[in-house]
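# Per-entry structural report
Below are the chains, spelled out letter by letter.
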Amino acid sequence: MSRVVVMDLSRHNAVLAGHERYFVFEQGGRRELVRDRCPHRGGPLSLGRLTPDGRRLTCPWHGTRLTTSALRRTALPMVRSGDHAVIVFPDLPAEVPVTPVRWRILANLPPPAEAPTAGGPPAPEVSEP
Amino acid sequence: MVTTSNDLLTHSVHSAQPAGKAERDLSRVHSFASDELFTGGPHVLHEPNPYRRMLMPDAVAEVDFGAPLLASEYAGHRALAGHRILGTFYEAETVLLPEQGLATLRGDFDAFYGPRLRRIRESCLSDLEDFAFSFLAGEVEVTGGCTVDVLEAYFQHAVAEAEQGESASLAAIAGASDPAVAADTYLVQLALDGLTEASAMSRNLGGAYGPEQSALFKIFIDEFGYGVFEAKHTSIFSKLLRSRAMQTHVHAYWNFYLAAPMATNNYYYYLSRDHAKFFRYAGAVTYAEAVFAPGFVKMIETYRGVFGDEVDLHYCEEHAHIDQHHGRITRDQVLLALARRHGDGVVPELLRGIAEARLLGAWFEEDTAAQIRWADSIDRHRELGAAALDGDAVAAGGTGGSTARGTGGSAGGSAGRPQRVELAAGHPFGTRNHDEPVVLQLADGEADLVTTATGRPHRLVRGDAVLVPAGRVYGVLAVSPRCAYQLHGAAPVH
């Protein structure tokens, strides 16, 4: 059963749906509500930074790099009109609480001039979630 | 600066624009608007001649058509000027004949449909559409994985929202000190489509697209009264107008159509002219048909409250009934059927059409309600206008939702002297609006300020001033042999 949630994007930029998190990812003038969970170990991608070429997002936990196109494929269906967004959650049970929230999203910052350096083993590349 | 009515407010915001494509487009559009058919007559209402409509060519000259409209300008001067022309372009692709016959109007018929204006239309229609509607690409966005189930869920949500929501226009009518005139103002906005109903839809009937085509045709034949002229929706809309002692010809009330209602009407032509936008059209028309029925139920309640049994609401009752069926048919046999037949790839366009129709419908309501509230409170806006000229900060409560003070600037709100406009009795009558609030002050003679199609005009004598909020449509009619008025910019106070 689909659930419909209305969100005011001037006030909120993320959604908690049960144990899942989604955040509004902005790139190329598009705003999409994407899953805030790295496919590697579940890190918060909203706190990741874009690589200098703007094509990948680096997870803050283990440095996993996820292509932005792969990130966008996790987007929930959303119809936006101005700041009025209607999100359709497919198959979300009625008893699961859904809460729009606002937090700082580093993933929407411009990419840094240089890629962040990470110690330890090479960071995995992930192109598919 | 002294101008005549025909070069009203000629400060050209486009004058600094480099020569190029946009400049050429502007000259073609202006050439069209300057045609003798479109320079207006002395009457407030247009006569029974569908080929003549006042396009205010000198107000059009202010418009920079090179920069597309913004969503925030939906009720503004550029929107009104652009949509008047675009609507004329679209209607020139329909068949308009006067009820009284063509005998004395053959020359106008030939000019309206003739090669000179047709070539102008054909050369700049796409650019004018881009000017008028390209903002939708950024204002409405559909993202994520969209399926038929998502489409159905969103559609149900959008329709429920409309059913539960209040109509801003009907609320404005109910709250007006002169609800009859307010109700007529709403009818005027409906007349834009009501007198040519389903003309845009007719453009989607050709071709071959299966059962969905037949479903749309069922709606179309309802609109056209199953071939019985008396049952055609335009005919029963005319009955409604006659019961209010209003004119029924196309387009008697041209001067009083507002920007957002014109945009809404043009939008359906825009989607119907280019079949690459067919799925958007299907979404939009499905939404419209679904919200019409509950909308007309609310309208019946409001109009019975204002007029009792003195108004013929057959048109509203017909829609309140038949649009329940149209809502079901378009949802099940057009919208969802198209999605199932053509796959998830078309769902984003269907969703976009629903969202765009919802957005424009809301603007229709807000623009109309704002005009009703302003026209209903001119005495209050006289006080505000006088106070603004005195330099006092004043609260422009109610209609415009803005606060204003006199600036001594030009009508556009920038620094400079006020614009002076001179009129002679019998001058062509037209209406316009402004992007920013202005104070209109009569400098010489006597004039009538016209803000509604059916209400009494407001007499202005030398020194009288009225605050005209941004977007509000008005016209000035000389009463004395000559008169002059000034337009002072009125800047928002924060």
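These notes cover the structure that comes with them. (Residues numbered from 1 in each chain as written. Chains lettered and ligands numbered in written order. Predicted model: local features only at pLDDT ≥ 70, side-chain atom pairs only at ≥ 80, totals over all residues. Heavy atoms only, no water.)

Check the secondary structure of chain A and you find 1 helix and 11 strands. What you see in chain A, going N to C, is helices and strands ordered as β-β-β-β-β-β-β-α-β-β-β-β. Once local pairs closer than 6 in sequence are excluded, the contacts in chain A between residues at least 24 apart make up 62%. Split by element, the accessible area of chain A, about 6700 Å² in all, is 51% carbon and sulfur. (Helix = DSSP H or I, 4+ residues; strand = E, 2+ residues; numbered from the N terminus. Contact = heavy atoms within 4.5 Å. Areas by Shrake-Rupley, 256 points an atom, 1.4 Å probe, with all protein chains shown as cover.)

This next bit is on unusual backbone geometry. Backbone torsion omega between Val250(B) and His251(B) reads -15°, so that peptide bond is classified as cis. One non-glycine residue, Asp91(A), lies in the positive phi region at around 60°. Mapped onto the elements of the fold, Asp91(A) is located in the loop between β9 (84–89) and β10 (98–101).

This next bit is on a nonpolar patch on the surface. Residue and element names in this part refer to chain B. The grouping of Phe217, Ile221 and Tyr226 at the surface amounts to a nonpolar patch, some 300 Å² of accessible area in total. As for its position among the elements, Phe217 is in helix α10 (residues 211–223). On the basis of relative accessibility, which here comes to 40%, the residue Phe217 falls in the partly exposed class. (Patch = residues over 30% accessible without salt bridge, like charges linked within 9 Å, V, L, I, M, F, W, Y side chains within 5 Å. Salt bridge = Lys/Arg side-chain N within 4 Å of Asp/Glu carboxyl O. Buried < 20%, exposed > 50% of the residue type's maximum accessible area, 1.4 Å probe, protein only.)

Before going further, it helps to examine the pairing of strand β8 (residues 78–81) of chain A. Side chains Met78(A) and Arg80(A) of β8(A) all project onto a buried face; the interleaved residues Val79(A) and Ser81(A) project onto the opposite face, where all are buried too. What sits between the antiparallel neighbours β8(A) and β9(A) is a turn of 2 residues, in which Gly82(A) has the positive phi angle 65°. Sheet analysis places β8(A) next to strand β2 (residues 140–143) of chain B, joined by 4 bridges and oriented antiparallel. Bridged to Met78(A) within β2(B) is Thr143(B). (Pairing = 2+ DSSP bridges.)

Residues and elements named next belong to chain B. The full count for this structure, using the stated rule, is 27 aromatic pairs over all chains. Each ring, one from Phe32 and one from Phe89, has its centre 4.7 Å from the other, and the planes form 80°; the classification is edge-to-face. Remark: Phe89 occurs in helix α3 (residues 77–91) and Phe32 occurs in helix α1 (residues 21–33); sequence separation between them is 57 residues. No difference in accessibility class separates Phe32 from Phe89, as the two residues are buried. Geometry around Trp254 places Arg53 over its ring, the cationic atom sitting 4.8 Å from the centre. Sitting over the ring of Phe224, Lys232 keeps its end group 4.7 Å from the ring centre. (Phe/Tyr/Trp six-rings, centres within 6.5 Å; stacked < 30°, edge-to-face > 60°. Lys NZ or Arg CZ within 6 Å of the ring centre and 35° of its normal.)

In this assembly, 18 residues from chain A lie in contact with 19 residues from chain B. Of the roughly 1500 Å² buried between chain A and chain B on both sides combined, carbon and sulfur atoms contribute 53%. Counting the contacts that link chain A with chain B gives 1 salt bridge. Among the salt bridges present, the one from Arg80(A) reaches Glu141(B), with a minimum N-O distance of 3.0 Å. Among the elements of the structure, β1 (3–8), β4 (30–35), β8 and β9 of chain A are those that each provide at least two residues to the side of chain A that touches chain B. For the side of chain A that touches chain B, the element with the highest residue contribution is β8(A), accounting for 4 residues. In terms of residue class, the side of chain A that touches chain B is built from 9 nonpolar, 5 polar and 4 charged. (Buried area = accessible area lost by both parts, 1.4 Å probe. Nonpolar A, V, L, I, M, F, W, Y, C, P; charged D, E, K, R; others polar.)

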